[in-house]
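The primary structure of each chain is shown beneath.
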Amino acid sequence: MAKRRGHDAAETDRRMRAAALRLFARHGYAAVSMRRIAAEVGVQAGALYTHTPDKQTLLFSLMAEHLRELLAAVAALPPAQTPDARLDQFVDFHIRFHRARPDAVFIAYMELRNLSPGNFRVIEGLRRDYEAWPEAILRDGRAEGVFVVPDPKIAAIGLIAMLNGINTWYRDSGRLSLGDVVEIHRRMARGIVGAGAAPA
C-alpha cells in the first residue's frame, strides 16, 4: 500500500510539473493559478501543496531543472579539438537540445522577471554557466587567430539569441529539415565570428 501511495505521489508530481510547464508557456506565469494547474492535473488545488509550497517555488524548480539538465548534457559531450569544431558542436547542440524543449526554453528566458530576487540569482548563475561555454570557444578562437571577435562575451550572447530565435519560427512541416537549419546556422555562426563558411 505504501509503495502504491509513493507511486501515485510521484505520478501526481510529474503531471503537476508537466501541466505547469505547459500552462506557463502558453498563458504566462502571472495568468496561471495553482487552481488552474490542479484542474489540468485533475486534483484539488490543496493536493498540489504537498508537492510544492507555492507557485513561485514551482516556477523556480522548472527553470532550474531545465538549466541543470542543459549543463549536464553539455558536460556529457565528447570533446571537440579545434575552435571551428567546437563552434560547430555548440551550434548543433544548442539548436537540437532547445528545439526538443520549446516550453522549458520559453519559460527559462521569458519568466525571469517573475522570479524572486534569490531565485533569480540562482537561475542567472546557471545561465551564465552555460554562456561561459560559447564564450570560451570564441575567446580561444580569437587567441589562436581563428576568430575575429572584439568581445567574446557579447558575441556569445548574440549567438545564443540568434539560435534561440529558431524555436519561434521553425516547423517540422516546413521546407527545411532540422539538419538543414543546423547547417545553415553553423555557417552563419562562422561568418559572424570571421571564420568563413563551414566546409560542405
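Because the structure is a prediction, the values reported are computed rather than measured.

Participant: Quick question: what am I supposed to make of the environment of L58 here?
Facilitator: If you trace the backbone, L58 turns up in helix α4 (residues 55–75). Once the C-alpha coordinates of L58 and A20 are considered, the two residues, 38 residues apart in sequence, prove to be 8.0 Å apart. If we skip the residues at most four places from it in the chain, L58 touches M16, R17, A20, M34, I37 and T52.

Participant: Is there a simple way to explain the side chain of Q56 in this structure?
Facilitator: Summarising the element assignment, Q56 is placed in helix α4. Once residues lying within four places of it in the same chain are set aside, the contact partners of Q56 are Y29, N114, L115, S116 and N119.

Participant: Would you explain the packing of α4 against helix α5 (residues 83–99) in this entry?
Facilitator: Running from N to C, α4 and α5 point in directions that differ by 145°, and their axes come no closer than 12 Å. Between α4 and α5 lies a crossing whose hand is right-handed. Residues H66, E69, L70, A73 and V74 of α4 form the contact with α5, whose participating residues are F93, F97 and H98. Considering only residue class, the contact of α4 with α5 consists of five nonpolar, two polar and one charged.

Participant: Help me understand the pattern of salt bridges in this model?
Facilitator: Any two side chains of opposite charge can pair, given that their charged atoms come close. Throughout the structure, instances matching the rule amount to 16 salt bridges. For the salt bridge of D172 with R99, the shortest nitrogen-to-oxygen distance reads 3.8 Å. Of this pair, D172 sits in the loop between α9 (166–169) and α10 (178–192) while R99 is found in helix α5, placing the two residues 73 residues apart along the sequence. Two residues, E183 and R187, come together in a salt bridge whose shortest N-O distance is 3.1 Å. Placement of the pair is E183 and R187 together in helix α10, with a separation of four residues, close to one helical turn. What makes R187 partly exposed here is its relative accessible area of 31%. A single network of salt bridges, built from pairs that share partners, joins D84, D88, E183, R186, R187 and R190.

Participant: Mind showing me how you'd approach the packing of aromatic side chains here?
Facilitator: The relative placement of two aromatic rings is captured by the distance of their centres and the angle of their planes. Counted under the stated rule, the structure contains seven aromatic pairs. Relative to Y130, the ring of F90 has its centre 6.2 Å away and its plane inclined at 45°; by these criteria the two rings are tilted. You can see F90 sitting in helix α5 and its partner Y130 sitting in helix α7 (residues 117–143), a full 40 residues away along the chain. Grouped by ring-pair contacts, the aromatic residues F90, F93, F97, Y130 and W133 constitute a single cluster.

Participant: Explanation requested: the nonpolar core in the structure shown.
Facilitator: Note on soluble globular proteins: their nonpolar side chains tend to be buried together. Of all hydrophobic cores here, the largest spans 53 residues; its most connected members are F24, I37, L87, F90, I123, Y130 and L138. Broken down by secondary-structure element, the contributors of at least two residues to this core are α1 (2–27), α2 (34–41), α3 (45–48), α4, α5, α7, α8 (152–164) and α10. For this core, the element with the highest residue contribution is α4, accounting for nine residues. Those residues in contact with F24 that lie beyond four places of it in its chain are Y29, V32, I37, K55, L59, L62, I107 and E111.

Participant: Honestly, the environment of I95 in this entry has me stumped. Any pointers?
Facilitator: Tracing the backbone through its elements, the reader meets I95 in helix α5. Along the chain, I95 and V182 lie 87 residues apart, while their C-alpha atoms are 6.8 Å from each other. Among all residues touching I95, those that are not within four sequence positions of it are L163, I166, L178, V181, V182 and H185.

Participant: Where do I start with α2 in this structure?
Facilitator: What sets the pattern is the α-helix's 3.6 residues per turn: residues three or four places apart point alike. Within α2, burial applies to M34, I37, A38 and V41. Within α2, the buried residues cover an arc of 100° as seen down the axis, which keeps them to one side. Exposed and facing more than 90 degrees away from the buried side of α2 are R35 and A39. Looking one or two residues beyond α2, the residue adopting positive phi is G42, at roughly 95°.

Basis of the calculations
- Residues numbered from 1 in each chain as written.
- Predicted model: local features only at pLDDT ≥ 70, side-chain atom pairs only at ≥ 80, totals over all residues.
- Heavy atoms only, no water.
- Helix = DSSP H or I, 4+ residues; strand = E, 2+ residues; numbered from the N terminus.
- Contact = heavy atoms within 4.5 Å.
- Axes fitted to C-alpha atoms, helices over the stretch in contact; angles between N-to-C directions.
- Left-handed = near helix turned anticlockwise from the far one by under 90°.
- Nonpolar A, V, L, I, M, F, W, Y, C, P; charged D, E, K, R; others polar.
- Salt bridge = Lys/Arg side-chain N within 4 Å of Asp/Glu carboxyl O.
- Buried < 20%, exposed > 50% of the residue type's maximum accessible area, 1.4 Å probe, protein only.
- Phe/Tyr/Trp six-rings, centres within 6.5 Å; stacked < 30°, edge-to-face > 60°.
- Core = buried A, V, L, I, M, F, W, Y, C linked by side-chain atoms within 4.5 Å.
- Arc of directions from axis to C-beta.

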